[in-house]
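Structural overview
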Amino acid sequence: MRRVAILGAAQTTFEAQKASLAYNELVYGVVRELLDRTGVSMREIESMVTASQDAYDGKTISGMAINEVVGAYLKSEAKVAADGLQALLYGVARILSGEFDLTLVVAHCKESEGDPSAITGLMFDPFVQRPLGLDENVAAALQARRYCWRRGLAPEDVALVSVKAHRQGLKNPYAQRKGEFTVADVLASPLVVDPIHELEAAPRSDGACALLLGSEERARAFTEHPVFIVGIGNCTDAYWTERDVADARALEEAARRAYAMAGIREPAREIDVVEISARYAHEELMAIEALGLHPSPVDLIAEGRAEFITPSGGPLCGNPPTVSGLVRAVEAYWQLSGEAGAHQIEGARTAVAHGAGGICGQNQTVVILRRE
Amino acid sequence: MPRRVAIIATGQTKHAARRLDVTIAELITEAVTRALEDADLTLRDIDAVLLGNMEPFEGFLFPELWAVEAWGGYLKPSVKFNTGGTVGTTTAIAAYYYVASGIYDTVMAIGFQKQSEGHTQTAITTVGDPIWERSVMAGAIGNFAVMATTYMHESGVTEEQAAKAAVKARRNACLNEYAHLQMPDITVEDVLKSEMLAYPVKRLDMCPQSDGAVAVIFAEESKAVRLAPRPAWIAAVATAHEQQYMGDSPKRLAEMRSLIAASRRAYQYAGITNPRRELDVAEIYEVASFAELAMYENLGFCAKGEGGKLIDAGVTELTGELPVNPSGGVMSTNPIGATALIRVAEAALQIMGKAGRRQVEGARTALATGYGGNAWTDVIILTREKP
């Protein structure tokens, strides 16, 4: 079977509002940077997979606005209306099929151009739940309550995730929100929806990222130590009111599949760095458990042993939906190629990127990367 | 060399203007159940599910996740695509790549749309660039009218010739139990006298808005051979995009650059040099009567400017040399998220010999296309012989 490598990556800085850039300009910038970094010409790229959402772009067929800037004129592009890590999965499939040697993967979102509460409200069933005015924050708050009750966690425990994330963000030049916050600062920040505080929820954010995938042959011509995608897993859960939202069954299952493909038996020992796509602080704790990294994530963080988990700071430092999963792959790749900068985990060889979509993470993606 | 991939089963709903008897979720279940029954499969046999839908039409975000029970997605890998009119073929092509890659052995592709519960033309207006185009855009019809007049000017095609394509579609639809608009007595005169929407496009020149869903099951070679008596093998897939702005492709029907690029790539891949002779049947995404004639030319079924003559000669009738849209096509049935995948399902039915009264006898090579957004194109070629 063929193998797929990541040949390069780029991301924009993330900001509350990139008012001077339309979506296509935003994407043009990040694709241009990727081409410059890799030295690959657009002429060589025949395949593109993009991720965006019509509801956020306020545009039917949101992918159409960026077709030209991803170089898709007369070429093969497809848009997933899902988390960006799903675009990477399809890109991997395209190369493994043998029909393409290179595939460009791009995700973009400008949350600033819409009302996130109204937009995420469109995820709820139109007959019973939507009229209640639910949104992503309300569902996440119910999930946080349930999860904390089950694990016996105090508000201070969850706030630790935020403290760690924003401290990591100080080392990440692309991060939007960062700082030395204390647990007291986090709990003193305004409530979004009880029990979630502002510093425990991803801020509204604009940005984009891009990756270039290539066949093994192409990768070998690039570098002596290619970073290969050695495991992928995706799984869909039941609708949020048809399951216990404190369970992370879909993520456990996605991780199981990805680990099996990558030959990983003891994730806690074999994985050097993990990038988790948690839009809320409690989701990071749930993911650490579900990925099999530690049975008691709060202890791990409290004891300062969680530096390898989301060293970029993650979505709490500002990554919009749709983009956040693919940024995790960018960060995981840079950790393995040694380009992560101030938040580099020394000697990292195996990395995990995680992405999620839907209400309370109904669809989950896990990707395993390994440097040769 | 990619793994060989075949279509082993299809299922469609009864398509209609308003399926008031079902929710979107129940509509999906209707198609999925029929597809599973078609190959005597259960959900356990499906490794992954890919979905296609234009959620802005009904004002949704992740409708497939709300409706997950309808397609048996619990604990399965899944992803949804959204590419406009092409979304059904985008989904089919993704199913092909996922199976060819070896990641999954069986993939179910689903397309669905319930236009009666939304407002499609409002959503289509937001396809335009918010600064340059949106203020002068009004749904799909004006767009097609501009294309049709340019095409008439370039090719000399007449309104009567276009009307013949509209008549053919609605008459063929009478042979298709799933079709929405079935009009056995429709005449060219009826089309010409129907309400003018935007010159030269009249009501009967246009596709309808439908509620409907379709499911198509793809499998790798060993499973395909075991599960289907006569699988429809994927011989080629190709996608080509146009530029974003309407003004950058002024002669879009006369010069369908994306259709030419995608079809030539697919023909080359499938070893087809004379499509009119070597294809046995085509299911094309014809959106409007004029577009069908322009697509004949750009698919290479006839020379440039000869699209009108081809329909005059009856070449594309069900009894002709190269039947086009025996199902009744998009002009008879158009649940947008499903429409292009219905083309693939109908092409597969022809190869599998399951097309019933609309069967083209002995069909061995079939073409399906998707068309959408700003004139971009997907092309899929299916064959009875292993490619």
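Residues numbered from 1 in each chain as written. Chains lettered and ligands numbered in written order. Predicted model: local features only at pLDDT ≥ 70, side-chain atom pairs only at ≥ 80, totals over all residues.

Structural notes on the overall build of chain A
From N to C terminus, chain A includes 13 helices and eleven strands. At 19 Å, chain A has a C-alpha radius of gyration in line with the 21 Å of a compact globule built from 372 residues. Along the longest, intermediate and shortest principal axes, the C-alpha atoms of chain A span 55 × 45 × 35 Å. For chain A, with 372 residues in total, the buried portion stands at 62%. Residue pairs in contact within chain A that sit at least 24 positions apart in sequence constitute 78% of those at least 6 positions apart. (Helix = DSSP H or I, 4+ residues; strand = E, 2+ residues; numbered from the N terminus. Rg over C-alpha atoms; globule rule 2.2 N^0.38 Å. Buried ≥ 20, exposed ≤ 12 C-beta atoms within 10 Å, placed from the backbone. Contact = placed C-beta atoms within 7 Å.)

Things to note about the overall build of chain B
Regarding its fold elements, chain B presents 14 helices and eleven strands. Relative to its length of 387 residues, chain B is compact, with a C-alpha radius of gyration of 19 Å against a globular reference of 21 Å. Based on the C-alpha atoms only, the size of chain B along its principal axes is roughly 55 × 45 × 40 Å.

What about the interface of chain B and chain A?
The interface is formed by 46 residues belonging to chain B together with 47 residues belonging to chain A. Every element with two or more residues in the side of chain B that touches chain A is listed here: helix H2 (63–66), strand S3 (78–81), helix H3 (87–101), helix H4 (120–125), strand S8 (232–240) and helix H9 (257–270) of chain B. If one sorts the elements of the side of chain B that touches chain A by residue count, H3(B) sits on top with six residues. Class assignment of the residues belonging to the side of chain B that touches chain A gives a composition of 25 nonpolar, 17 polar and four charged. (Nonpolar A, V, L, I, M, F, W, Y, C, P; charged D, E, K, R; others polar.)

Considering the confidence of the model for chain B
For chain B, per-residue confidence averages 95 on the pLDDT scale, and residues scoring 70 or more make up 100% of the total. For this predicted complex, the interface score ipTM comes out at 0.98, while the overall pTM is 0.98. (pLDDT = per-residue confidence, 0-100.)

Focus: helix H5 (residues 139–155) of chain B
Residue and element names in this part refer to chain B. For H5, which comprises 17 residues, the first-to-last C-alpha distance of 25 Å matches the rise-based estimate of 24 Å (1.5 Å per residue) to within 8%. Taken residue by residue, H5 has Ala140, Asn143, Phe144, Ala145, Met147, Ala148, Tyr151, Met152 and Ser155 as its buried positions. Structurally, H5 contributes buried residues whose contacts are with H4, strand S5 (196–198), strand S6 (201–202), helix H11 (289–298) and helix H12 (307–312). (Expected span 1.5 Å × (residues − 1).)

Re the nonpolar core
Judged by nonpolar contacts, the single largest core of 281 residues is most densely connected at A:Leu211, A:Leu326, B:Ile28, B:Ile110, B:Val216 and B:Leu382. Ranked by the residues each element gives to this core, the list is headed by helix H14 (residues 336–352) of chain B, at twelve residues. (Core = buried A, V, L, I, M, F, W, Y, C linked by C-beta atoms within 7 Å.)

Looking at the environment of B:Cys207
Residues and elements named next belong to chain B. Take Cys207: it is sitting in the loop between S6 and strand S7 (211–220). The buried category is assigned to Cys207, around which 26 C-beta atoms lie within 10 Å. As for Cys207 and Ile260, which are separated by 53 residues in sequence, their C-alpha atoms are 23 Å apart. In this view, Cys207 contacts Val287, Ala288, Val330, Met331 and Asn334; residues no more than four positions away in its chain are not counted.

Examining the packing of helix H3 (residues 84–96) of chain A against H3(B)
Following both chains from N to C, one finds H3(A) and H3(B) inclined at 65°, their axes separated by 7 Å at the closest point. In this structure, H3(A) crosses over H3(B), and the sense of that crossing is left-handed. Between H3(A), through A:Tyr90, A:Ala93, A:Arg94 and A:Leu96, and H3(B), the contact on the second element is made entirely by B:Ala94, B:Tyr97, B:Tyr98 and B:Ser101. Classifying every residue of the contact of H3(A) with H3(B) gives six nonpolar, one polar and one charged. (Axes fitted to C-alpha atoms, helices over the stretch in contact; angles between N-to-C directions. Left-handed = near helix turned anticlockwise from the far one by under 90°.)

Description of helix H1 (residues 24–38) of chain B
Residues and elements named next belong to chain B. For H1, which comprises 15 residues, the first-to-last C-alpha distance of 22 Å matches the rise-based estimate of 21 Å (1.5 Å per residue) to within 8%. Among the 15 residues in H1, eleven count as buried, and that is most of the element. Ile24, Ala25, Leu27, Ile28, Thr29, Glu30, Ala31, Val32, Ala35, Leu36 and Asp38 are the residues of H1 that are buried. In this structure, the buried residues of H1 make contact with strand S1 (5–12), H2, strand S4 (106–114) and S7. Downstream of H1 by one or two residues, Asp40 has phi in the positive range, about 55°.

So, the pairing of strand S2 (residues 48–52) of chain B
Residues and elements named next belong to chain B. The buried fraction of S2 is high, at five of five residues. Along S2, one buried face is formed by Ala48, Leu50 and Gly52 and the opposite face, lined by Val49 and Leu51, is buried too. The pairing of S2 with S4 spans five bridges and is parallel. The residue of S4 that forms the bridge with Ala48 is Val107. Alignment of S2 against S3, held across four bridges, turns out to be parallel. Among the inter-strand pairings, Leu51 is bridged to a residue of S3, identified as Lys80. (Pairing = 2+ DSSP bridges.)

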